[in-house]
Amino acid sequence: MIRPTTRGTGTALGGGLLLLAGLLLGYRELFMLGAAGLSAVTLCAAWGLVTPSLLVDRAVVPGRVRRDEPAESVVDVTARGRVGGLLSLHDGVWDADGKPVSEPVTTDVVARPSLAVRVRLELPTARRGVFQVGPLRVGRTDPLGLWSALRPVGRAQQLIVWPNWHAVPASAIGRTAQVDATRDARHTESTTFHTLREYVPGDDLRHVHWRTSARTGTLMVRRHEGSSLARLVLLIDDRAASYADPDSFEEAVEVAASVLVSMTDAGRRLAVVSAADPTRDPATSVSAGLDLLAAARLTGAGASDERIQAQLRLHPMGDALLVVTGGAVALAGPLASRYHSVRTLVLGPEAPSDAAAGVTAAPTAVGIVERLREQR
């Protein structure tokens, strides 16, 4: 995209007026002066149409960052020809709806032949979400400053801003989820093969893998892991009808991130599920869970309570359930017969101070965390 600068617009208008005045009044000097101005504007426009020969390499560092932590767009610019020049770099950030997050980040750089010049552009991270960075645009002006050319370079890249989280004692989370409680028969029916190891006196002979033992000459037994071992299922309610306002949802996401990080740091197993799509494969790692929470958005067409309950009953994915919501307290009630522990965290300006059994309520994420600490 090429467009005239303020100086270029003034030069074109002034040159046209002088040219017209010279013709009407018969002054050759005015005519020549106006013609010179219009010629300069025309020649500089042609100069701006020439694409500069540049090698531009851009990277978003880091690609994932916690909210309010620094993130940069690192750009290396090299002039391929023998002559460099003054350039301006423009980098923007857009959200999932294609709306700009902030004003484009702009800086000037002098491109040098065969020498990479590195520029760092600070990116906005005040909002959580999955954002598109770029594509980077390179701008330059002609030597007279009459025209400005701005062209995209390279591809857009992704920046994931994770929600903020708070430190929650593992004992508070453990008691809330009761993941250390003694399990009953309904939670011990599923085991999966993990690996083979050498026989140790006392091992069940039913687990001996005779074919491998015969091939290796060493008695080998199967090692199994329970697929339903104590694992917290964290259900984040992202349905708009569950919240009084969008700010309450942001607080709920912050609480979910706090539970996720604290549980993972304590070495516990966890699965993160979205209420908008309970059939989607759960996130089972801290990075995948934080990515899911970063991309979480309020939806008006989420699954009903009955559908969520049916999905969690048929596929428990763990033996403890923690629901983070804005008011649908009844969501977890019918699931108590399928899970060893069911707990609900309610966020919002009208959250009750005296919650029912199994429910912790507070207006903010900090309030929820404080109440969890009190329940250690």
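Residues numbered from 1 in each chain as written. Predicted model: local features only at pLDDT ≥ 70, side-chain atom pairs only at ≥ 80, totals over all residues. Heavy atoms only, no water.

(A) Spatial organisation of the packing of helix α1 (residues 6–25) against helix α2 (residues 28–49). Orientation of α1 relative to α2, taken along the N-to-C sense of each, is 150 degrees, at an axis distance of 7 Å. Here α1 is positioned roughly antiparallel relative to α2, judged by the angle of their axes. At the point where α1 passes α2, the crossing takes the left-handed sense. In this structure, α1 contributes Gly8, Thr11, Ala12, Gly15, Gly16, Leu18, Leu19, Ala21, Gly22 and Leu23 to the contact, and α2 contributes Leu30, Phe31, Leu33, Gly34, Ala35, Gly37, Leu38 and Val41. Within the contact of α1 with α2, the residues separate by chemical class into eleven nonpolar, seven polar and no charged. (Axes fitted to C-alpha atoms, helices over the stretch in contact; angles between N-to-C directions. Helix = DSSP H or I, 4+ residues; strand = E, 2+ residues; numbered from the N terminus. Parallel < 35°, antiparallel > 145°, perpendicular 65-115°, else oblique. Left-handed = near helix turned anticlockwise from the far one by under 90°. Contact = heavy atoms within 4.5 Å. Nonpolar A, V, L, I, M, F, W, Y, C, P; charged D, E, K, R; others polar.)

(B) Quick peek at the nonpolar core. Ranked by internal contacts, the top residues of the largest apolar core, which has 36 residues, are Ile236, Val255, Leu270, Leu293 and Val324. Broken down by secondary-structure element, the contributors of at least two residues to this core are β12 (157–162), β15 (231–236), α5 (246–265), β16 (269–274), α6 (286–295), β17 (320–325), β18 (341–347) and α8 (365–374). Of the residues forming this core, the biggest block, ten residues, is contributed by α5. Beyond its immediate chain neighbours, meaning those up to four positions away, Ile236 contacts Tyr243, Ala252, Val253, Ala256, Val273, Ser274, Ala275, Leu292, Leu293 and Val324. (Core = buried A, V, L, I, M, F, W, Y, C linked by side-chain atoms within 4.5 Å. Buried < 20%, exposed > 50% of the residue type's maximum accessible area, 1.4 Å probe, protein only.)

(C) Inspection of helix α7 (residues 305–314) at higher detail. Buried within α7 are the following residues: Ile308, Gln309, Gln311 and Leu312. Considered in projection along α7, the buried side chains sweep an arc of 165 degrees and stay on one side of the axis. More than 90 degrees from the buried face of α7, the exposed residues found are Glu306 and Leu314. In this structure, the buried residues of α7 make contact with β15 and β17. (Arc of directions from axis to C-beta.)

(D) Representation of the side chain of Asp238. When you line up the elements, Asp238 lands in the loop between β15 and α5. Look at Asp238: it is buried, it has no salt bridge, and the nearest opposite charge is Arg239 at 5.9 Å. Of note is the side chain of Asp238, whose polar atom sits 2.6 Å from the side chain of Ser274. Within the structure, Asp238 has its side chain in polar contact with the backbone nitrogen of Ala276 (distance 2.8 Å). When near neighbours in sequence (up to four residues on either side) are disregarded, Asp238 contacts Phe249, Ser274, Ala275, Ala276, Arg297, Leu298 and Thr299. (Lys, Arg positive; Asp, Glu negative; His and termini not counted. Salt bridge = Lys/Arg side-chain N within 4 Å of Asp/Glu carboxyl O. Polar contact = N/O pair within 3.5 Å; in protein donor to acceptor, adjacent residues only side chain to side chain.)

(E) Highlighting the packing of aromatic side chains. Taken as a whole and judged by the stated rule, the model has two aromatic pairs. Look at Trp162 and Trp165: their rings are 6.5 Å apart centre to centre, the planes differ by 50 degrees, and that puts the pair in the tilted class. The pair Trp162 / Trp165 is uniform in exposure class, with both members buried. Judged by centre distance (5.4 Å) and plane angle (75 degrees), the rings of Tyr243 and Phe249 are edge-to-face. You'll find Tyr243 and Phe249 in the same group, each marked buried. (Phe/Tyr/Trp six-rings, centres within 6.5 Å; stacked < 30°, edge-to-face > 60°.)

(F) Layout of the sheet that holds β18. In spatial order, the strands read β16-β15-β17-β18-β19; together these five strands make up an open sheet with parallel pairing. Looking along the sheet, the strands with just one partner apiece sit at the ends: β16 and β19 (359–362). Sheet twist, expressed as the average angle between the axes of neighbouring strands with direction ignored, equals 15 degrees. Strand direction decides the pairing type here: β17 and β18, joined by six bridges, are parallel. Paired with Ala320 across the bridge in β18 is Ser341. Along the sheet face, α5 touches β15, β16, β17 and β18 and points at about 165 degrees away from the line of β15. Here α8 sits on the sheet in contact with β18 and β19, set at roughly 140 degrees to β19. (Pairing = 2+ DSSP bridges.)

(G) Inspection of the sheet that holds β12 at higher detail. Read across the open sheet, the four strands follow the order β3-β12-β9-β6; overall the sheet is mixed. Pairing within the sheet leaves two strands with one partner each, and these edge strands are β3 (64–66) and β6 (93–94). Pairing analysis gives five bridges linking strand β9 (residues 129–133) to β12, with the strands arranged antiparallel. What sits directly across from Val133, in β12, is Gln157. Where α6 meets the sheet, its contacts fall on β3, β9 and β12, and the angle it forms with β12 comes to roughly 95 degrees.

(H) Looking closely at unusual backbone geometry. At the junction of Val61 and Pro62, the peptide bond is cis and its omega measures out at -15 degrees in the coordinates. Within the fold, Pro62 resides in the loop between β2 (54–61) and β3. In this chain, Gly134 is followed by Pro135 through a cis amide linkage whose omega measures 10 degrees. Within the secondary structure layout, Pro135 lies in the loop between β9 and β10 (136–141).

(I) Fine view of the pattern of salt bridges. One pass over the full model with this rule turns up eleven salt bridges. Between Arg67 and Asp68 there is a salt bridge, and its shortest N-O distance comes to 3.5 Å. The salt bridge involving Arg118 is made with Asp76; its shortest N-O contact spans 2.8 Å. A residue pair is termed long-range when its members are at least 10 positions apart, and Arg118 in strand β8 (residues 117–122) and Asp76 in strand β4 (residues 72–79) qualify at 42 residues. Judged by its relative accessible area of 16%, Asp76 is buried. What you see here is one network of salt bridges that share partners, running through Arg67, Asp68 and Glu254.

Interpretation note: all reported values are geometric properties and have no functional meaning in isolation.
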